[in-house]
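# Fold and contact review
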Amino acid sequence: VQLQASGGGLVQAGGSLRLSCAASGRTFRSFATGWFRQAPGKEREFVAAISWSGGSTSYADSVKGRLTISRDNAKNTVYLQMNNLKPEDTAVYSCAAAYGDYEGVQLGRIRYDWWGQGTQVTVSS
């Protein structure tokens, strides 16, 4: 499966963005999909993930209540709605996919084998 992230940009603190991850290739609905981010000088970290059906999600504690992951399998797309953004959310955001049916905390712990290019999110104070 090929993944392409888009939707990043520059936004003021408290603002919103919606990232999209468009997939092509293999049957996307068979893949759990996650969002990860990497800030300058820091390691990549898990942000959020969603099961193949969309019925289960998992979030990093730092984004709970502000970011929402969703998917539209008919459009082969996963979204990350980002509200009340903070300067510490500034990073390159990448989407990734893992084949199989995973739920709950598994989504943040499994290995993601397919990765797309990232999109830059910059939040100014």
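Structure report, in brief.

The rules behind these values
Residues numbered from 1 in each chain as written. Predicted model: local features only at pLDDT ≥ 70, side-chain atom pairs only at ≥ 80, totals over all residues. Heavy atoms only, no water. Salt bridge = Lys/Arg side-chain N within 4 Å of Asp/Glu carboxyl O. Helix = DSSP H or I, 4+ residues; strand = E, 2+ residues; numbered from the N terminus. Buried < 20%, exposed > 50% of the residue type's maximum accessible area, 1.4 Å probe, protein only. Pairing = 2+ DSSP bridges. Axes fitted to C-alpha atoms, helices over the stretch in contact; angles between N-to-C directions.

Bringing the pattern of salt bridges into the picture now. Counting across every chain of the model gives 5 salt bridges. With its nearest N and O atoms 2.9 Å apart, the salt bridge here joins Arg37 to Asp89. Within this pair, whereas Arg37 is found in strand β4 (residues 31–38), its partner Asp89 is found in the loop between β8 (77–82) and β9 (91–99), the two being separated by 52 residues in sequence. The burial state of Arg37 is the same as that of Asp89; both residues are buried. Asp61 is paired through a salt bridge with Lys64; the nearest N and O atoms lie 3.1 Å apart. For Asp61, a relative accessible area of 62% puts it in the exposed group. One connected set of salt bridges, linked through shared partners, spans Arg37, Glu45, Arg66 and Asp89.

Another point: the sheet that holds strand β3 (residues 17–24). The strand order across the open sheet formed by 4 strands is β1-β3-β8-β7, and the pairing between neighbours is antiparallel. Whereas interior strands pair on both sides, the edge strands pair on one side only; in this sheet they are β1 (2–6) and β7 (67–72). Here the strands of the sheet are splayed against their neighbours by 15 degrees on average, with no regard to which way each runs. The sheet contact formed by β1 and β3 spans 5 bridges and is antiparallel. Paired with Ser6 across the two strands is Ser20, which belongs to β3.

Such coordinate-based values are descriptive only and should not be taken to indicate function.
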